[in-house]
Amino acid sequence: MRRIVLKLGSSVLTAGSEKLNRQRMLELVRQVAALHARGCEVVVVSSGAQSAGREQLNFPDLGKSLPAKQMLCAVGQSHLMRVYEDLFDIFGIIVAQILLTRDDLSNRLRYLNARDTLGTLIERKIVPIVNENDSIATEEIRVGDNDTLSALVASLVDADVLIILTDQPGILTEDPRRNPAAALIEDIETISEEHYALAGGAGSAIGTGGMVTKLQAAQIASRSGIRTIIASGSEDDVIRRILAGEKIGTHIEAAHSRSDSRKRWLLTERAQGALVVDAGAERVLLRGGASLLPVGIREVRGDFERGAALLVLAAGGKEIAQGLSNYSSADLRQIRGMKSHEIAEKLGYSYGDAALHRNNLALL
Ligand code: GLU
């Protein structure tokens, strides 16, 4: 099964006009529905709130003030979601709105919460539609552009591939407005300064991101072990064709495997506590790919919050893994040794079956 993050820019949703283009959006939704029917998991990162707001309010002249922009986004975001809801409904797919800011992705606890929520939606076959929480996000807490946001989301949900659809065929050798003969760069193994220089001028009139933010996004994804494809949203059946391996758009390779990058990331965290596990849990963990369940925990060391990095120790004291805790030390002391189905009864809530989920666990 493939997990795909699909970024749709304003210029794609409006087909270059000033209004959301329902026909274009329907065509994109149809493609997502087809993937969905094949068992692919799709997370959409969608811009277009501001454009939709402007359209809803009949293109008011508001100047450049931030509150006015935020008003547009507040009006437009709900409108945008209504359009998505209607379009996905044609295919019997339920959608969910997720609005994020930079804080949600850099604060550990909120990162875990966002990750859990997205994971739960995906499990339920619901298509999350993500945007920046524009109506409250000020400069200090904004990601700022949805290209970067889409890369952060791809890393958050551990996607296999990030597809950024835009109004250009991909990364070009020159600014196509200056030289119409600009050629498409089909493959980029490592993004270099040269690519940034090439992308410098090219940008569309609508939307925040130009080609530079797309390269930045691809670089974030690449470092997280995720491949990126930047392509034109107006190509016929573009998403299916990309996934079928057709040469279309610019492909940017992952710098290393996903498990490697995740492991590196997890191991850079300083442990704030430790869990001593029994022989059974040790055996299961060392086999790889398993979560640590409360039933295998013998002892909880240290005081920590949910989201803390923890060492996992074998009964003899040997360090065997490091991971992020789904529960605080106080919670773990209550549920250690218990079966996972007993967690909710004991605590009155549950953050899931695992103490350390396998996605957040690296063997040492
Ligand atoms: N979040 C903005 C919107 O929905 C778009 C940001 C971007 O295009 O990068 O209007």
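Attention shifts here to the site of the ligand. The ligand sits among 10 residues. The nearest are Ala49, Gln50, Asn131, Asp134 and Asn146. Between the ligand and Asn131 there is a distance of 2.9 Å, counted from an oxygen atom to a side-chain nitrogen or oxygen. A distance of 2.7 Å is found between an oxygen atom of the ligand and a backbone nitrogen or oxygen belonging to Asn146. The fraction of the free accessible surface of the ligand (300 Å²) that becomes covered by protein chains is 94%.

With the rule as written, the count across this model stands at two cavities of 30 Å³ or more. In this structure, the largest cavity encloses a volume near 60 Å³. In terms of lining, the largest cavity is formed by His36, Gly39, Cys40, Glu41, Val42, Ile122, Lys125, Ile126 and Pro128. The class makeup of the residues in the lining of the largest cavity is five nonpolar, two polar and two charged.

Judged by how many residues are buried, strand β5 (residues 161-166) sits mostly within the fold: six of six residues are covered. Side chains Val161, Ile163 and Leu165 of β5 all project onto a buried face; the interleaved residues Leu162, Ile164 and Thr166 project onto the opposite face, where all are buried too. As defined by bridge partners, strand β1 (residues 3-8) adjoins β5 across five bridges and the pair is classed as parallel. Considered in β5, the bridge of Val5 is made with Leu162. Direction of pairing for β5 relative to strand β7 (residues 227-232): parallel, over a ladder of six bridges. Following the sheet pairing, Leu165 is matched in β7 by Ala231.

Basis of the calculations
Residues numbered from 1 in each chain as written. Predicted model: local features only at pLDDT ≥ 70, side-chain atom pairs only at ≥ 80, totals over all residues. Heavy atoms only, no water. Near = heavy atom within 4 Å. Polar contact = N/O pair within 3.5 Å; in protein donor to acceptor, adjacent residues only side chain to side chain. Areas by Shrake-Rupley, 256 points an atom, 1.4 Å probe, with all protein chains shown as cover. 1 Å grid on protein atoms, 1.4 Å probe; cavity = no way out; pocket = protein on both sides within 12 Å on 5 of 7 lines; lining within 4 Å. Points joined across faces, edges and corners; volume = space filled by probe spheres on them. Nonpolar A, V, L, I, M, F, W, Y, C, P; charged D, E, K, R; others polar. Buried < 20%, exposed > 50% of the residue type's maximum accessible area, 1.4 Å probe, protein only. Helix = DSSP H or I, 4+ residues; strand = E, 2+ residues; numbered from the N terminus. Pairing = 2+ DSSP bridges.

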